Amino acid sequence: MDILIRNARLRKKTGNWDIAVSEGVIEKIARRINGRPRRKIDARGKLVTESFVNAHLHLCKVYTLMRMNETALKDYHGEGMGKAMTAIESAAKIKDNYDVKWILPNVRRALRSAARFGNTHIRAFADVDSKAGLIGVKALIKAREEFKGVVDVQVVAFPQDGVVREPEAADLIREAMDLGADVVGGIPWIEFTEKDEQEHIDKMFEIARVYNKNISMLVDDAGDPGLRTLEMLALATLREGWEGRVLAHHARAMSQYPEPYFLKLVALLKQARLGVISDPHTGPLHARVKEMLHEGALVALGQDDVSDAYYPYGRNNMLEVAFLNSHLLWMTTEAEMEQLYDMITVDAARAMGLKRFGLRKGNPANLVVLHEENVLEALRNHGAPRFVISHGRVVSKG
Ligand SMILES: [Zn+2]
């Protein structure tokens, strides 16, 4: 036995429990476990759960806000998000001086912060376009290898500036997949016409099919109720037989959809087993998280940004993300706090397609030992866990 955690409080269970970890895996969970572990951790009756999962992070852009002016930030956060597309265009300025030399130290800093706060799994977007070329994706792939077993990173090859608007983007995405990117990205709403949005989605599905990869697309990220790319994405998912392999991010225009259309859309999402990753803390509008949960759709929370053109804060601290969104979504009852906790752990893991994730016998030991004894206190304090265990190894103490 490598690690024996004693006196752990578990979610939705009474009393204290012991957890045995061997060879990176949760070997046993029982009231009392005897044996000679290499390391013993006394949880002192505090909460032990699976570690935190962040299904949406622009990792190539972390800590870039200080390298640019605030034009994009002001436009993105402006009234009704009417200038979201302008914001993306001005944020692209950062790529004029794109260099792995300054990107990589930023990426490492963000991943160290993730480890400290128990965020062991991240779906990370790397811009792949005419300005960024393959610089961002190369930096993230290098960081993914460096942090393997501590913070597991899925790299998304993401055509930030469009695929029809930038005809060279599709070839660059193919090259990124050849380099070892894990997920095919997309941002169809950025195109100028509905026909182009559809073409964008189709081109990315074509690549996903060739490389047999999952898909993550940013959809409808502005205050325009006419944006309908989430529906297009769900229909493409069904048509291509990619159910359970596609994620949508943002979907902020959903907040302005008429009710009958919203309900039809949620039914489609469920049929396509398409999850939505929401991040209400990074923009004035957000997807209808509570209503989607009520309808039984898969929804999780993401950090989205860490000090970049769109959002000044962020630490890859998913308890902090849940705390902020407890306010923004008005999810403050005990049952809703439990839902928030699921959205930064097991539901986010399911959305990312992680197999064998969760505090269960036989699963990889990705755990946090908290300073608090319940979810309410964990959200209130949203500090670093006492111990962060990734793949059966203590990777951080706080
Ligand atoms: Zn985003």
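Reading the values: the criteria
- Residues numbered from 1 in each chain as written.
- Predicted model: local features only at pLDDT ≥ 70, side-chain atom pairs only at ≥ 80, totals over all residues.
- Heavy atoms only, no water.
- Pairing = 2+ DSSP bridges.
- Helix = DSSP H or I, 4+ residues; strand = E, 2+ residues; numbered from the N terminus.
- Axes fitted to C-alpha atoms, helices over the stretch in contact; angles between N-to-C directions.
- 1 Å grid on protein atoms, 1.4 Å probe; cavity = no way out; pocket = protein on both sides within 12 Å on 5 of 7 lines; lining within 4 Å.
- Points joined across faces, edges and corners; volume = space filled by probe spheres on them.
- Nonpolar A, V, L, I, M, F, W, Y, C, P; charged D, E, K, R; others polar.
- Core = buried A, V, L, I, M, F, W, Y, C linked by side-chain atoms within 4.5 Å.
- Buried < 20%, exposed > 50% of the residue type's maximum accessible area, 1.4 Å probe, protein only.
- Contact = heavy atoms within 4.5 Å.
- Parallel < 35°, antiparallel > 145°, perpendicular 65-115°, else oblique.
- Left-handed = near helix turned anticlockwise from the far one by under 90°.

A. Structural view of the pairing of strand 16 (residues 393-397). Here strand 15 (residues 387-390) pairs with strand 16 via four bridges, running antiparallel. The residue of strand 16 that forms the bridge with Val 388 is Ser 396. Where strand 15 folds back on strand 16, the antiparallel hairpin that results is connected by two residues, among which His 391 adopts a positive phi of roughly 50 degrees.

B. Representation of the sheet that holds strand 5 (residues 48-50). Across the sheet, which stays open at both edges, the four strands sit in the order 5-14-15-16 with antiparallel pairing between neighbours. Lying at the two open borders of the sheet, with one neighbouring strand each, are strand 5 and strand 16. This sheet shows a mean twist of 25 degrees between the axes of neighbouring strands, independent of strand direction.

C. Focus on empty space enclosed by the protein. All told, the structure shown has two cavities of 30 Å³ or more when counted by the stated rule. Of the volumes computed, that of the largest cavity is approximately 100 Å³. The wall of the largest cavity is formed by His 58, Lys 61, Tyr 76, Ile 88, Gln 160, Ile 187, Leu 218, Asp 221, His 250, Asp 304, Asp 305 and Tyr 310. Split by residue class, the lining of the largest cavity holds five nonpolar, three polar and four charged. In this model, the second largest cavity occupies a volume close to 30 Å³. Lining the second largest cavity are Lys 61, Ile 88, Ala 91, Ala 92, Ile 94, Lys 95, Asp 127, Gln 160, Asp 161 and Tyr 310.

D. Geometry of the nonpolar core. Residues Leu 59 and Met 292 are the most contacted members of the largest nonpolar core, which totals 117 residues. Among the elements that make up this core, the one with the highest residue count is helix 3 (residues 100-116) (eight residues). Setting aside chain neighbours within four positions, we find Met 292 in contact with Met 254, Phe 262, Val 266, Leu 269, Val 276, Ala 287, Ala 297 and Val 299. One finds Ala 8, Leu 10, Trp 17 and Leu 367 within the second-largest nonpolar core, a separate group that totals 17 residues.

E. The packing of helix 7 (residues 229-240) against helix 8 (residues 259-271), seen in detail. For the pair helix 7 and helix 8, interaxial distance at closest approach is 9 Å and the crossing angle is 30 degrees. Taken as axis vectors, helix 7 and helix 8 run roughly parallel relative to one another. For the element pair helix 7 and helix 8, the recorded crossing hand is left-handed. Contacts from Leu 230, Glu 231, Ala 234, Leu 235 and Leu 238 of helix 7 reach helix 8 at Tyr 261, Lys 264, Leu 265, Leu 268, Leu 269 and Gln 271. Of the residues in the contact of helix 7 with helix 8, the class split is eight nonpolar, one polar and two charged.

F. View of the packing of helix 3 against helix 4 (residues 135-146). At their nearest, the axes of helix 3 and helix 4 sit 9 Å apart, and the two run at 40 degrees to each other. If you check the angle between helix 3 and helix 4, you find them oblique. Crossing geometry of helix 3 relative to helix 4 is assigned as right-handed. Along its contact with helix 3, which presents Val 100, Ile 103, Leu 104, Val 107, Arg 108 and Leu 111, the element helix 4 presents Ile 135, Ala 139, Leu 140, Lys 142, Ala 143 and Glu 146. Within the contact of helix 3 with helix 4, the residues separate by chemical class into nine nonpolar, no polar and three charged.

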